[in-house]
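# Breakdown of the fold
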Amino acid sequence: MDDTRAVNFLERIIEEDVENNVYHRPVHTRFPPEPNGYLHIGSLYAINLNYNAARRFGGKFNMRFDDTNPLKEDMEYVNAIIEDMKWAGYDPGNNVFFGSDYFQMIYDLTEKLIERGLAYVCDLTPEEMHLKRGTLTTAGTNSPYRDRSVEENLTLFRGMREGVFAPGERVLRAKIDMSSPNMNMRDPVIYRILNATHYRSGDKWKIYPMYDYAHPIQDAIEDITHSMCSIEFKDHRPLYEWVLNSLDFAFPEPPKQREFGRINITGAITSKRYLRQLVSLGYVDGWDDPRLPTVKGLRRRGFTQSSIHRFLTEIGVSRDMSTVDISMLESCLRDDLKSKVGSVMAVIDPLRVTITNYEGDIEYVKVENSNVNPELGTRALPFGRHILVDRDDFMETPEKGFHRLYPGNEVRLKGAYFIKCEEVIKDDSGKVIELLCVYDPETKSGSGNVTRKVKSTLHWVHAEKNLPCDVYLYSRLLTNENISGEEADWEGAADKGSKVLMSNAVVEESLRNAAPESRFQFLRHGYFVVDIACKPGEKLRFNRIAALKESYRKK
RNA sequence: UGGGCCGUCGCCAAGCGGUAAGGCACAGGACUUUGACUCCUGCAUGCGAUGGUUCGAAUCCAUCCGGCCCAGCCA
């Protein structure tokens with residue numbers, strides 16, 4: 001980062017604090033995921049902003065697993081999250097922490113809180129508590145247990161810890177204000193009894209602190225200065241501050257919570273709950289399905305680290321909820337890839353072309369790997385009497401504006417010669433199965449002696465010397481437009497993000513030795529090829545990230 | 001409707017009292033060994049609306065309108 005100036009409102013807040021010497025410690029941010037799902041593009045947005053803020057001010061960045069609910073969390077997720085962060089370029093290094101490691105500290109502080117008369121054990125059932133909480137427009141009423149003595153509270157709380165009570169039987173509540181217009185301040189539950197094995201602390205604890213209570217303490221323990229979270233936690237800020245203020249003897253310079261607006265990507269599902277549903281119900285291959293906006297999905301879809309960084313920089317940060325068009329993400333990828341990776345020709349739906357006046361055997365033609373970056377070199381492709389072109393590059397009766405192959409029309413074959421279509425061969429059902437064309441030997445690419453022009457250039461592959469493969473066309477990300485409420489119509493949603501298998505597709509033979517994970521840009525329509533699994537026994541797979549542009553569809 | 005947050009081009013987003021950056025998308029043109037790429041050009045007399053303060057307002061004030069969040073022993 002060469003610019004030390006704040007680039008968004010959050011950094012401006014930090015900048016001001018630095019200038020005013022608010023903290024006598026370095027700027028310190030953190031990313032606190034709950035290990036209950038995989039990272040997605042929305043998580044990356046949060047990571048990016050915390051990570052960059054720390055870096056910009058020469059501060060520190062922690063990664064902390066917010067694991068205070070043993071019912072939902074699992075080691076599978078912590079490993080995946082760390083892996084994805086590293087892949088995305090936000091390596092937390094040794095600064096990986098676990099909220100659960102602070103359970104004892106939080107417990108000890110809680111006894112102090114009780115001693116200060118700021119928390120009490122409440123015996124109300126969940127239903128009773130709900131009723132007494134009041135509504136958005138009416139105040140709540142005090143719990144009958146609100147005025148228990150410190151001694152009784154301490155005894156009861158210790159009882160909770162020892163497992164004397166069953167889950168749901170008693171909770172510890174903060175004593176704040178049941179008539180607060182802010183629902184979060186109506187004596188929130190801060191500790192509950194849970195009968196579950198924590199993926200990390202095992203069965204050591206019977207009680208677990210709630211997020212609203214644990215989070216500020218965890219931040220403070222880690223010397224965090226700026227705790228940035230999404231805007232829906234704005235209402236929780238008073239509670240965050242209440243907790244740390246109540247524990248001021250332990251944290252003289254408490255961190256401050258600041259909020260940013262969430263982002264959505266058009267047509268992408270970024271809700272952990274729905275993502276989990278899709279995975280567990282089998283509508284997608286897994287968390288790494290290319291139709292998902294998860295880090296693993298994006299990676300498989302062909303996104304690069306720098307394309308994601310660029311995207312996150314481009315969209316900025318604000319307090320609003322934004323819905324970024326998916327085309328911006330795709331644009332960032334295209335921009336990154338076009339100068340870094342070469343192109344390759346592939347035929348999705350092959351149509352055989354016989355060049356009737358071509359008598360030679362196989363001839364290798366030289367093709368540039370990239371038309372924007374000469375450093376990517378050239379490759380030799382087999383050309384011969386029989387080749388394959390894409391079926392939609394031919395129209396028997398061309399519509400207006402169609403300049404590709406049609407009877408009587410001449411086009412250029414990329415890297416090879418001009419060919420003219422002379423005859424169309426059909427099968428019994430009338431389907432076009434082959435085109436008979438003639439080529440002009442004088443028009444070889446690079447020869448420089450072409451005096452006439454053609455209006456179109458086609459991609460092609462040799463009819464025999466090629467690589468058959470299965471092609472998956474992921475036309476778009478799985479959409480959430482079918483979701484309404486709890487139950488989503490995944491059948492419909494899955495159709496929208498259809499995964500189409502084209503088993504008869506063929507690619508250049510040059511791909512045979514391509515390294516796994518290498519990426520190639522299709523020579524047409526801005527398709528990108530990813531997920532090339534060249535391992536023995538596996539089939540090649542492609543996907544295209546850019547849907548056909550509207551203008552192509554119309555023409 | 002109690003409280004909180006937010007409204008600048010179709011979508012992001014700069015701007016922080018001195019006369020509306022940029023990106024994506026879109027449109028037109030040039031170029032081209034792919035209708036891609038590249039290169040030009042266009043795209044808010046307008047900043048949710050209405051009043052007000054001011055020499056001057058997207059920026060300050062008031063009212064209104066619209067959107068989002070909150071009543072888990074989830075995070």
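Residues numbered from 1 in each chain as written. Chains lettered and ligands numbered in written order. Predicted model: local features only at pLDDT ≥ 70, side-chain atom pairs only at ≥ 80, totals over all residues. Heavy atoms only, no water.

### Here's the deal with the domain arrangement of chain A
Put simply, the rule is: Where each domain begins and ends is defined by an automated method or by a domain database.
Split into domains, chain A comes out as domain 1 (9–260), domain 2 (265–341 + 469–552) and domain 3 (346–459). Once you take the C-alpha centre of each, domain 1 and domain 3 turn out to be 64 Å apart.

### Some words on the side chain of Asn48
Defined as follows: Put simply, DSSP H or I for four residues or longer makes a helix, DSSP E for two residues or longer makes a strand, and each gets a number counted from the N terminus. We call a residue buried when its accessible area falls under 20% of the maximum for its residue type, exposed when it is over 50%, and partly exposed in between, using a 1.4 Å probe and counting protein chains only. Residue contacts are defined here by distance: any two heavy atoms, one from each residue, within 4.5 Å place the two residues in contact.
Mapped onto the elements of the fold, Asn48 is located in helix 2 (residues 41–56). Look at Asn48 and you get buried, because its relative accessible area is 10%. Dropping the residues within four chain positions of it, Asn48 is found in contact with Tyr90 and Leu312.

### Details of the nonpolar core
Condition: The set of buried Ala, Val, Leu, Ile, Met, Phe, Trp, Tyr and Cys residues whose side-chain atoms join them within 4.5 Å is what this entry labels a nonpolar core.
Residues Met85 and Phe311 are the most contacted members of the largest nonpolar core, which totals 58 residues. A per-element tally of this core places helix 2 first, with nine residues. The residues that make up this core include at least three from each of domain 1 (9–260) and domain 2 (265–341 + 469–552). Setting aside its immediate chain neighbours within four residues, Phe311 contacts Ile41, Ile265, Val324, Met328, Leu329 and Cys332.

### Topic: the state of the cysteines
For the record, the criterion: Throughout, disulfides are identified as pairs of cysteine sulfur atoms within 2.5 Å of each other.
In this structure the tally under the stated criterion is zero disulfides. Cys437 provides the cysteine sulfur closest to Cys421, a residue in no disulfide bond, and the two sulfurs are 4.6 Å apart.

### Looking at the layout of surface pockets
Put simply, the rule reads: Within this scheme a cavity is a closed region of a 1 Å grid, computed over the protein atoms alone, that accommodates a 1.4 Å probe without allowing it to escape, whereas a pocket is open but has protein on both sides within 12 Å along at least five of seven lines; lining residues each have an atom within 4 Å of a point. Grid points are joined across faces, edges and corners, and a volume is the space filled by probe spheres set on the points. For this classification, the nonpolar set comprises Ala, Val, Leu, Ile, Met, Phe, Trp, Tyr, Cys and Pro, the charged set comprises Asp, Glu, Lys and Arg, and every other residue, Gly included, is treated as polar.
Of the voids in this model, the largest pocket is the one considered here, and its volume is about 1300 Å³. Looking at the largest pocket, it is lined by 46 residues, and the ones nearest its centre are Ser230, Glu232, Phe233, Arg262 and Lys272. If one sorts the elements of the lining of the largest pocket by residue count, helix 2 sits on top with five residues. Across the lining of the largest pocket, the residue classes tally to 18 nonpolar, 14 polar and 14 charged.

### Section: helix 11 (residues 305–315)
In an α-helix there are 3.6 residues to a turn, and that puts residues three or four apart on one side. Filter applied, for reference: What the arc describes is the spread of directions from the helix axis to the C-beta atoms.
Along helix 11, the residues classified as buried are Ser307, Ile308, Phe311, Leu312 and Ile315. Buried residues along helix 11 cover an arc of 135 degrees about the axis, so they all sit on one side.

### Focus on the pattern of salt bridges
Inclusion rule: For this document, the term salt bridge refers to a Lys or Arg side-chain nitrogen within 4 Å of an Asp or Glu carboxyl oxygen.
Per the stated rule, a full pass over the model turns up 35 salt bridges. Of the charged contacts in the structure, one is a salt bridge between Asp84 and Lys296, with a shortest N-O distance of 2.9 Å. Of this pair, Asp84 sits in helix 3 (residues 75–87) while Lys296 is found in helix 10 (residues 295–301), placing the two residues 212 residues apart along the sequence. Like Lys296, Asp84 is buried. Arg158 serves as the salt-bridge partner of Glu111, at 2.8 Å between the closest nitrogen and oxygen. Of this pair, Glu111 sits in helix 4 (residues 103–115) while Arg158 sits in helix 6 (residues 150–162), placing them 47 residues apart in sequence.

### With respect to the sheet that holds strand 5 (residues 171–174)
What counts here: Any two strands between which DSSP finds at least two bridges are classified as paired. Every axis corresponds to a line fitted to the C-alpha atoms, with the helix fit spanning only the stretch in contact, and the corresponding angles, defined between N-to-C directions, vary from 0 to 180 degrees.
Overall, antiparallel pairing links the four strands, which are arranged 4-5-6-7 in an open sheet. Taken across any chain shown, the strands that pair with only one partner, and hence form the sheet edges, are strand 4 (119–122) and strand 7 (207–209). On average, each strand axis in the sheet is inclined to that of its neighbour by 20 degrees, with strand direction left out of account. Bridge count for strand 6 (residues 189–193) against strand 7 is three bridges, and the pairing is antiparallel. Paired with Arg192 across the strands is Tyr208, a residue of strand 7.

### Description of the packing of helix 7 (residues 211–221) against helix 8 (residues 237–246)
The following threshold applies: Any angle from 65 to 115 degrees is called roughly perpendicular, while one under 35 is roughly parallel, one over 145 is roughly antiparallel, and all others are oblique. Left-handed describes a crossing whose near helix is turned anticlockwise from the far helix through less than a right angle; right-handed describes the clockwise counterpart.
As a packed pair, helix 7 and helix 8 sit with axes 9 Å apart at the nearest point and diverge in direction by 60 degrees. By the angle between their directions, the pair helix 7 and helix 8 is classed as oblique. The chirality of how helix 7 crosses helix 8 is right-handed. Judged by residue contacts, Asp212, Tyr213, His215, Pro216, Ile217, Asp219 and Ala220 of helix 7 engage Leu239, Tyr240, Val243 and Leu244 from helix 8. In the contact of helix 7 with helix 8, the residues fall into eight nonpolar, one polar and two charged.

### As for the sheet that holds strand 22 (residues 460–462)
As summarised here, the arrangement of the seven strands in space is 21-18-19-20-14-17-22, forming an open sheet in which the pairing is mixed. Taken across any chain shown, the strands that pair with only one partner, and hence form the sheet edges, are strand 21 (457–458) and strand 22.

### Details of the confidence of the model for chain A
Using the following cut-off: The predictor attaches a confidence to each residue, called pLDDT, with possible values from 0 through 100.
Residues with a pLDDT of 70 or more make up 86% of chain A, whose mean pLDDT is 87. For the stretch residues 516–555, pLDDT sits under 50, and the model shows 113 contacts to residues farther than four places along the chain or on other chains. On the interface metric, ipTM, the complex scores 0.96, and its pTM is 0.91.

### Section: the pairing of strand 1 (residues 28–31)
We apply this condition: Whether a crossover is right-handed depends on one test, that the path from the first strand over the helix to the second runs clockwise when the strands point away from the viewer.
Here strand 1 shows a buried face lined by His28 and Arg30 and a second buried face lined by Thr29 and Phe31. Bridging between strand 1 and strand 2 (residues 60–65) involves four bridges; their strand directions are parallel. Considered in strand 2, the bridge of Phe31 is made with Met63. Assessed by its sense of winding, the connection that carries the chain from strand 1 through helix 2 to strand 2 is right-handed.

### Section: the packing of aromatic side chains
Threshold: Stacked, edge-to-face and tilted are the three classes for Phe, Tyr and Trp ring pairs, Trp counted by its six-membered ring, which pair at centre distances within 6.5 Å; planes under 30 degrees apart are stacked, over 60 edge-to-face, the rest tilted.
All chains considered together, the criterion is met by 20 aromatic pairs. Ring centres 5.5 Å apart and planes at 80 degrees place the aromatic pair Phe103 and Tyr208 in the edge-to-face group. In this pair, Phe103 sits in helix 4 while Tyr208 sits in strand 7, placing the two residues 105 residues apart along the sequence. Here the two residues Phe103 and Tyr208 agree in accessibility, since each one is buried.

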